[in-house]
Amino acid sequence: MSKYDEKDFEKIALQMQKQVKEDPNNVQLRNELAIVFMEINQYEDAFFQLQTAAEIKPSVQTLYNLGYFYFAEGKPIIEDIGSGSFEEDAEEEEMSYTWEIADKEAFDIVEDLLKNKPRHYFPYNVMGEMYIKKEKYEEAIGILEEAITLTPSLENLNNLGLCYYKKGRLPEAAECFRKAHLLRSSNNYSLFPFLSYGICLANLGRKSEAKEAAKELLLLSEKEEEELEADIAEIYYILEDYEEVVKIYSKLDWRFYSEEFFPTYFYSLWKLSKTQEIEELASKTIQRKEKDMKEVLQDPEEEEEFKIECEEVTKEDIAFIKNTVKEVYWGKAPVVRYEPTLETRCYLYGCFRHTDVNPSYFSI
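What counts and what doesn't
Residues numbered from 1 in each chain as written. Predicted model: local features only at pLDDT ≥ 70, side-chain atom pairs only at ≥ 80, totals over all residues. Heavy atoms only, no water. Helix = DSSP H or I, 4+ residues; strand = E, 2+ residues; numbered from the N terminus. Buried < 20%, exposed > 50% of the residue type's maximum accessible area, 1.4 Å probe, protein only. Contact = heavy atoms within 4.5 Å. Areas by Shrake-Rupley, 256 points an atom, 1.4 Å probe, with all protein chains shown as cover. Lys, Arg positive; Asp, Glu negative; His and termini not counted. Charge placed at Lys NZ, Arg CZ, Asp CG, Glu CD. Expected span 1.5 Å × (residues − 1). Polar contact = N/O pair within 3.5 Å; in protein donor to acceptor, adjacent residues only side chain to side chain. Phe/Tyr/Trp six-rings, centres within 6.5 Å; stacked < 30°, edge-to-face > 60°. Salt bridge = Lys/Arg side-chain N within 4 Å of Asp/Glu carboxyl O. Core = buried A, V, L, I, M, F, W, Y, C linked by side-chain atoms within 4.5 Å. Axes fitted to C-alpha atoms, helices over the stretch in contact; angles between N-to-C directions. Left-handed = near helix turned anticlockwise from the far one by under 90°. Nonpolar A, V, L, I, M, F, W, Y, C, P; charged D, E, K, R; others polar.

Caption draft 1: Just the overall build of the protein, in detail. Looking only at helices and strands, the protein has 17 helices and 2 strands in total. Across its three principal directions, the C-alpha atoms of the protein cover 75 × 55 × 40 Å. Within the protein, buried positions represent 47% of all 364 residues. Intrachain contacts of the protein at a sequence separation of at least 6 include 58% that bridge at least 24 residues. For the protein, the exposed surface amounts to about 19,900 Å²; the carbon and sulfur share of it is 46%. Between the mean site of the 44 positive side-chain charges and the mean site of the 75 negative ones, the protein shows a separation of 7 Å.

Caption draft 2: Expanded view of helix α2 (residues 27–39). Taking 1.5 Å of rise per residue, the 13 residues of α2 would be expected to cover 18 Å, and the 19 Å separating its terminal C-alpha atoms lies within 8% of that figure. Of all 13 residues that make up α2, 10 are buried, and the element is covered over most of its length. Restricting attention to buried positions, one finds in α2 the residues Val27, Leu29, Arg30, Asn31, Leu33, Ala34, Ile35, Val36, Phe37 and Met38. Among the structural elements, α1 (9–22), α3 (43–56) and α4 (60–73) are those in contact with the buried residues of α2. Backbone nitrogen of Gln28 and a side-chain oxygen of the N-cap are separated by 3.3 Å at the start of α2; the cap is Asn26. Where α2 ends, the next residue or the one after it, Asn41, has phi of about 60°, a positive value.

Caption draft 3: The arrangement of the packing of aromatic side chains in detail. Applying the stated rule across the entire model yields 24 aromatic pairs. Ring centres 5.2 Å apart and planes at 75° place the aromatic pair Phe122 and Tyr347 in the edge-to-face group. Pair noted here: Phe122 is in helix α7 (residues 122–133) and Tyr347 is in the segment after α17 (304–329), with a separation of 225 residues, a long-range link. Just as Phe122 is buried, Tyr347 falls in that class too.

Caption draft 4: Expanded view of the pattern of salt bridges. What the rule picks out here adds up to 18 salt bridges. The residue Glu209 makes a salt bridge to Arg206 at a minimum N-O spacing of 2.9 Å. For Glu209, a relative accessible area of 35% corresponds to the partly exposed category. Accessibility expressed as a relative area gives 31% for Arg206, which makes it partly exposed. Each of Glu259, Lys289 and Asp317 takes part in one network of salt bridges that share partners.

Caption draft 5: Representation of the side chain of Lys75 in the model. Following the sequence through the fold, Lys75 ends up in strand β1 (residues 75–79). For Lys75, the side chain forms a polar contact with the side chain of Glu105, separated by 2.5 Å. For Lys75, the contacting residues outside a window of four places in its chain are Tyr70, Thr98, Trp99, Glu100, Ile101, Ala102 and Glu105.

Caption draft 6: A look at the nonpolar core. Counting 109 residues, the largest nonpolar core has Ile235, Tyr249, Trp254 and Phe266 as the members making the most contacts within it. Those residues in contact with Ile235 that lie beyond four places of it in its chain are Leu195, Gly198, Ile199, Ala202, Ala210, Ala214 and Leu217.

Caption draft 7: Region of the structure containing the packing of α3 against α4. Contact geometry for α3 and α4: axes closest at 8 Å, N-to-C directions at 150°. Crossing handedness for the pair α3 and α4: left-handed. Contacts between α3 and α4 involve Tyr43, Ala46, Phe47, Leu50, Gln51, Ala53 and Ala54 from the first element and Thr62, Leu63, Asn65, Leu66, Phe69, Tyr70 and Glu73 from the second. When its residues are assigned to classes, the contact of α3 with α4 shows 10 nonpolar, 3 polar and 1 charged.

Here you go:
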């Protein structure tokens, strides 16, 4: 339990609301109250505080936090609020609202802020993620390179590597992923940058380095209970080390792993002339899926729509498994279509859990 888990945020929120009523133009106080509201899952109230702070004083800090909230959470659409103001209606006990994606609002705010070249890396990281979401990798590269000149982080280095990977620039991608892994910290312990690094090394034919990365990844995955073994096996598959692939996959409980990994596993077994293992796993998985589907279809409490969807998905999965076996027996080598993971974190400026308790808000 962290020191934050011990705090009574509901009590703190009530105290801060009284302070805001006494000092309504204090935008820093409103931002801090918004963060407290988020701690107790009152996101509509958090949005109102951030929106009001930006209206009172449209500074870099207030506008950025509102833009980031739009990007991370969306926006609440209030329904049936009558003639009262947002603040008055927000105090009503019963409120009807829906949440909508607000990517455009987020993009417009952050894009405008970046024209003034802020000296903190958060807006650049967020804009990089926005461009990646739009699959505009060249634009993301330029923004993320600026972020890194300000403050290199696991997130911006990894995401720059992702962009390079998408553009086929594997040597540069590998170096970014390597550097990202070295910056693991309490804010982000992700092993995906290191996994992406291993995949890049394998695809570049740097066999000894790739194998060393894979060995270290297996140790870290087990130590930190990340369960990345199936993904790590694909590094060995690219290197055509089929014995190591089988060694890893054979230890997995396939009830908890996707059959999307079957092609590389089955092909590796086939290359080692272990067809019996292919038949056994394929048959066992199909039987389990058919049994699960039958239970759903016979359950009177399940909705008809869910039953139809379950039957369709199960039939597709079974067809995929059967087709995979067929193609492997034809000698067709599956291609690993690896997708690097986009890395993110909390970018809310002033968040006492993830950044500074009393931040010096970044200037232009």
